[in-house]
Amino acid sequence: MNGFRKFDDLFWKYMFAYKKRTIFTIFGITLAVILFYGAGTVYTSVYQAYYETNSKKYGNYEAAGTVNPEEYQKMKKLDYIEAMLLYQTNTQTIELEDTERWVEVRQMENFENPIFSYDLIDGHYPEQPDELMLDEYQAEYFNVRTGDVLELQGYEYWYGTVRIGDGEQAFRYLQEHTEYDADGMPTEESLQIEDLEKRTIKTRYRIAGIYESDQEYNDFLIESTPFLSLLDQEKEYREMEVCVQFRNHKNHLQQLAKEGIFLEENEWVTEYLKGYNNSVMDPLLQYILFLLAFIVLFWIAFGIIRNAFEMTLEERVRDYGILRCMGTSQYRLQRLLRKEGFTMAAIGCIMGIGITNVMIGIGKHIWGFRQILQALGIDSAFRLKVSWYLVLGSFIFTFCAVLFSLLEPARQFGKMAPVDAIIGKTLIRKERIKQRNGRLIHWLLGIEGEYAYKNVLRKKGTFLASVIGIAISVIGIMIGISIVHIMNASLDDANRLVLMDDGYDASASFMNGIGKGNEDIKKFEDDLLALESVDKVSSCYATQIPSDGETFGLPDGNGKYYTSYFINGFDEEQIKSLEPYLLEGELDRKALEEGGVIVCRNIRFLNVLNGEPVISKEQKTDLKPGDMLFIPEDTDNFFRADGTIDRDKVIACPVVAVVDYNPNPVLSGTPDVIVSRDYYQAHLIPPDAAAAGLYEIRVCCSEAYDPEEIFEFQKAHKNYYFTDGGVHAEKDMVRGYRQLILMIAGLAAGIGAFHIFNTLSFTIGLRKREFQILKAVGMSKRQILKMLSMEGGLAALFGSLLGIGVGFGTGLLLMLLSGEISSKSEYRLPWEGIPISVWMVVLITLVSLLIAKKELKNVEE
Amino acid sequence: MDIITVKDLTKKYGKDDFEIHAVDHMNLQIDKREIVAITGTSGSGKSTLLHLLGGVIEPTSGDVILDGEKLYELKDEERSAIRRRKIGFVFQSYNLIPILTAEENIISPILLDKKKPDPEYIDELFDMLGMEKWRNHLPNQLSGGQQQRVAIGRALANRPRLILADEPTGNLDHTQAMEIMKILIQSAKKYQQTLVIVTHDMDLAKMCQRIISIQDGKILSDVTNESTLLLDK
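Nothing here was measured: the structure is a model prediction, and the numbers come from that model.

**Some thoughts on the overall build of chain B**
Looking only at helices and strands, chain B features 8 helices and 10 strands. Taking all contacts inside chain B whose residues are at least 6 apart in sequence as the whole, residues at least 24 apart take part in 66%. A total of about 10300 Å² of accessible surface is found on chain B, and carbon and sulfur atoms cover 48% of it.

Listed below in C-alpha cells is the structure:
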C-alpha cells in the first residue's frame, strides 16, 4: 500500500510504471520548451547584447545636442536626467586631405563616467589640458606610446581638429579656398595666410594613456576616432556638446523640449529602448513576427505533446476502461490525465528552461553559435538574459499545449463505453475500411500494402503524428532555404564572398590627391592588387555634377526633374564593357574623344538574387542620341555666389549613345553619364585637380580578406586611405547565417526524427499482439517489415507534401515580412528544398525502419 | 424486495442490414440477496445485459432501476458514484490494473471513493480469498486463479450491494472455477449481497438460486433452482 494513499496517486504510479513513455513525453515537452523559450531568450539576449555593445561603442546615453552654459546649468537640476556628460568637440570635419593625418581632439569634462566608458590599457586618464589619450589602434598606427609628446597644430575656429605634421600644404590649400563671411568669420573661400598664422594654435600634448578600442582596427576610419583630452576649464565656451542619460532610460525628450532644450536621440541606443522614435522595428511588424513564431512553435510543440499523449491513451485505454467500470467518472479520469500531463509539463518545462539557459549561457563557446555572435558583432557582450515573462510564458505555453493536447484524446475516450475500452477498442472509432480500396491496394502492392493501407486508416492519429514529424523536418529545411534566399536578396552572391549593393566591397583613395597623376594611381592600384585581401580594383574617375533642380542637371524619365549626377571618365576597356548594354546610338570613340557623352537610361542595383542586377524602374533619364547635355566647365564653381548657374561656363556635350545601365561598380542610386577619360581629364576637371579627377578606387575583396593585412597596409602607406565597406562584417554574417541555417535545419531534422522514433517505437509496442498474430498466421518478419516500410513510406509521402506546402507558404510570408525591412527582396520558391527534403525523409524513414527492426526483435523476445 | 428492475430494455448494435438486437425489449426484476445466473449461448446478449445492469454501456432504449435510481437518467458523475459504491464488477479476464499490487488493486475503489481503507476489512478479504501471501505482488506475478481472487476482492472492497460477474471462471480450469464460484457465493451470502453471474457453464449456473436463460436478447426461461434453495434452508 506504500505510496498509494489516495486514488489520484495513480497518476505518478503510471508515470513510474511507464518510464520509457514518461521520459519520452518529458523529452518531447523539453524539446518544445527549448524551441519556445530558446527562441525568446536568444532574442532577448541578443537584443540586450546589441544594446550593451552599442551603448559601449557609441555611448550609453539617450540624447545628445548642443547647449549653452545656461541650459547646461538648468539641465543639471532636472531630476529625470540621470547622468550628463559635457564634452567640447568640433563637429565640423575638415575636408582637406593632406599627406598626413588629421585628427580630432575631443575635450571632455571627465573620463570616468557612465556614458562613455574608456578602459585604460596603459598609463592613466589625462589630468591636465595638455595631456591626451588615444585608442590602442591609433597608438599602433601612429607608432606612439604613453609618455610620448605630440605637437598638434590647428586653428582656433576648428579648435578640435588639429593636424599632426607641419601643415604647410594645408595652409597653401586654405589660402586658395578660404574667405570670410559677412560676420567676419573665415569661410573656406578666402582665408589669408597671415590670418591663418595668427589663428594657428600649436599645442604640445603628452600621451597620458592608451585605451582599449571596442572595434578591431576601427574599420580603418582612424581619423574619426578622437584623441581625448581634459576640458580646458578656463575657456568660456558658448556652445557645448552634452550627452544625456535619462532616469531608467525612459524617454524624456519631450519634457526637455518643454524646457526649450532640444536634443537628438542617440539612435544606436534608443533603437533598443522602447518609447523612442527610432525603435528598431515597426511594432506591428514585430508583433506579426512574434505571432508567426508563436504559431509555428506552438504548432510544433502541440504536435509533439499531442502525439505523446495520444499514444499514452492508446496504451492505457484498457486500464481506463477498468477504472471506469470501477466507478471512475470521466471527469476524474481526465483529472488524472491532466495531473500526469501537468506534472510532466512542469518537469519538461523546468528541464527545457534549464537546458536552454545552460546552452545560451555557454553559447559563446559553442561552435556555430559563436560564429553567429561574432558575425553580429555582439560576441563579447552576449550573455544569458533571463526574462521572467518568458519563463512564465513558457509554463503557460507548455500547460496550454498539454491541455489542448489532452482535450481531443480525452474527449474521444469519454465517448467510449468503459466495456469497449476494456476489450481493447481503439480511440479512433471510424474504423470502416472500404474493402474495394483495399483490394486495389492489394493488387498494386500485395498483402503487405493492403495491411499497411488498412493500418493507416485504422490508426489515423498515429499516422498523423508520423506525418507531422516528417512535415516538421521538411518545413525546417524549406524555411532555412527561404532564409538563404532572403539573405541573398541583400548580398549579391553569397557563394563568391560578398559583393556589396553597389558592386564593390571597399574603396580606397589618397589622403591628399594634390599633385597625384595617373601614374600614382596606377601604382596605388598595383599596391592594392598585391594584397591577398584584394581580388580586383576599378578606378573611378568621377565628378558629381550638381543640379538646380528645375532647369539644369540630368533630366529624368518624366522630363520634369533635373537631378544631380556623376560624370564618369571611362578608359577604353571600361567603354568596351558597355557594348552589351547599348540601347541606342553608337559607342563612337572619335565622338567621345571630342566630348560626346554616353548616358545610362536606367540605374541598376546589385542587391539582387544570385548576381542578377535589378534595374531601377523609378529613376532613369530619357535623353537620346542627338540630345545635348550641358556640363559645367568648372564643376567646383558651378553656381554663382547668388546661387544661379553661370551658363557661360557650360559645355554642351552631344549624347552619342544610350546604354541600359553601367555594368561597372556604381555609386548606388546615382544616374551616370559617361565620357572618355581623356576628355574628362582635359576638359571637365581643373588641370590641378587632386588625383587627376579620381573619385576613388573601388575594391572587390577576395575570399582571403583579412582586416589585419589591410591595417598593416594602412600603416605602411599613410598616404592611402582604405574604407572597408563592411566586408568583414558581411563576410562573417554570410558565414554566420549559413551556420544558423545549418542549426535550424539540424534542429528541425532532429525534432522530426525524435517525433518519428517516438511514434514508431511505441506503436510497435502497442501492436505487439497484432504482430504476434500476423506471425502466427504465417507472415514472415520480412513481410511485417515490408508492411511497416509501406506505412512509413505513406507517412513520408504525406509528411513531405504537407511540409513542402507549409514550407513554401511560410517562406513566402517570411519574404513578405522581410520586404518590410528591405524593399529589395523578391520571392523565390525554395525549390532546392525539395531534393534536400526528399533525401532527409528517405534517411529518416530508413533509420526508422532500423528502429522498427530492433523493436520487432524485442517483440519476438 | 427487488434491487434491480429492468424496464423494456433494448440495446442495438450496427445499422440497417447489420443491426443486431443484443438485448431486445427485456423486462426483469432481481431481488436483494438473490444469487442469479444468466446463461445462454455465445452472442445471446447475456454479457450485454450484465453491462447494462452495471451502467457501463448506454442502452438504445428502456431503463435500469438500481436500488430505486434510474441509472440512465443519471449524469456520468452520479452513475460513476453508483458503480463505485453499489456495484462490484468481476470480469472474465480479471482486468486488474497492471501497475498496482494485489492490495493496491483491492483498495483502489475505496480510495476512488475518497475513503480510507479499513485494515481489518482488507485483512478479512485477503483471508477469505486465501491471498494473504500475495498482497504485494503485481498482477503479472500471479496465476489466473489468483488474479481472479484479487478481482473479487476489488469488487468487494466497497461493500457493494450488487456483484456483477461476467464469465468469472471463463479463463480457469474446472477446479479453480469451482473455487472462484464458491468464493463468490460465500461472500455474497456473508455480506448479504446480490450476485449476478453470467456464464455458459450450466454446472456453475446450478450453484445459483435462479437461472435466467437468454436467447437473441430475450429471456427464454427464468427458473428458480429449488435444489439450491433447499440447500440454503
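Continuing now.
**With respect to the interface of chain A and chain B**
Across the contact, 28 residues belong to chain A and 29 residues belong to chain B. Across the chain A/chain B interface, buried area totals approximately 2500 Å², and carbon plus sulfur atoms make up 64% of it. Our count for the contact surface shared by chain A and chain B stands at 2 salt bridges. Note that B:Glu104 is salt-bridged to A:Lys13, the shortest N-O span being 3.0 Å. Along the contact surface separating chain A from chain B lie 8 residue pairs in polar contact (both at pLDDT 80 or more).

**A word on a nonpolar patch on the surface**
Residues A:Ile347, A:Met351, A:Ile355, A:Val358, A:Met359, A:Ile362 and A:Ile366 make up a contiguous nonpolar surface patch of roughly 550 Å² in combined accessible area. By the secondary structure assignment, A:Ile355 is in helix H10 (residues 330-361).

**Let's talk about helix H4 (residues 119-129) of chain B**
Residue and element names in this part refer to chain B. The set of residues buried in H4 consists of Tyr-121, Ile-122, Leu-125, Phe-126, Met-128 and Leu-129. The buried residues of H4 occupy an angular sector of 165 degrees when the element is viewed end-on, so they sit on one face. Opposite the buried face of H4, by more than 90 degrees, sit the exposed residues Pro-119, Glu-120 and Asp-127. Buried residues along H4 sit in contact with helix H3 (102-112), helix H5 (144-156) and helix H6 (174-190). Looking one or two residues past H4, Gly-130 carries a phi angle of roughly 70 degrees, positive in sign.

**Quick word on the sheet that holds strand S10 (residues 218-224) of chain B**
Whether parallel or antiparallel, the strands of a sheet pair through hydrogen bonds between backbone atoms. Residues and elements named next belong to chain B. Judged by pairing direction, the sheet is mixed, and its 6 strands sit side by side in the order S6-S7-S8-S3-S9-S10 without closing on themselves. Two strands lie at the open edges of the sheet, namely strand S6 (87-90) and S10, each paired on one side alone. Between one strand axis and the next, the sheet turns by 15 degrees as a mean value, whatever way the strands run. When strand S3 (residues 35-40) meets strand S9 (residues 210-215), the two strands line up parallel, connected through 5 bridges. Across the sheet, Val-36 pairs through a bridge with Arg-210, a residue of S9. Contacts between helix H2 (residues 76-86) and the sheet are confined to S6 and strand S7 (162-166), with S6 contributing the most and set at about 75 degrees to the helix.

Rules used in this analysis
- Residues numbered from 1 in each chain as written.
- Chains lettered and ligands numbered in written order.
- Predicted model: local features only at pLDDT ≥ 70, side-chain atom pairs only at ≥ 80, totals over all residues.
- Heavy atoms only, no water.
- Helix = DSSP H or I, 4+ residues; strand = E, 2+ residues; numbered from the N terminus.
- Contact = heavy atoms within 4.5 Å.
- Areas by Shrake-Rupley, 256 points an atom, 1.4 Å probe, with all protein chains shown as cover.
- Buried area = accessible area lost by both parts, 1.4 Å probe.
- Salt bridge = Lys/Arg side-chain N within 4 Å of Asp/Glu carboxyl O.
- Polar contact = N/O pair within 3.5 Å; in protein donor to acceptor, adjacent residues only side chain to side chain.
- Patch = residues over 30% accessible without salt bridge, like charges linked within 9 Å, V, L, I, M, F, W, Y side chains within 5 Å.
- Buried < 20%, exposed > 50% of the residue type's maximum accessible area, 1.4 Å probe, protein only.
- Arc of directions from axis to C-beta.
- Pairing = 2+ DSSP bridges.
- Axes fitted to C-alpha atoms, helices over the stretch in contact; angles between N-to-C directions.

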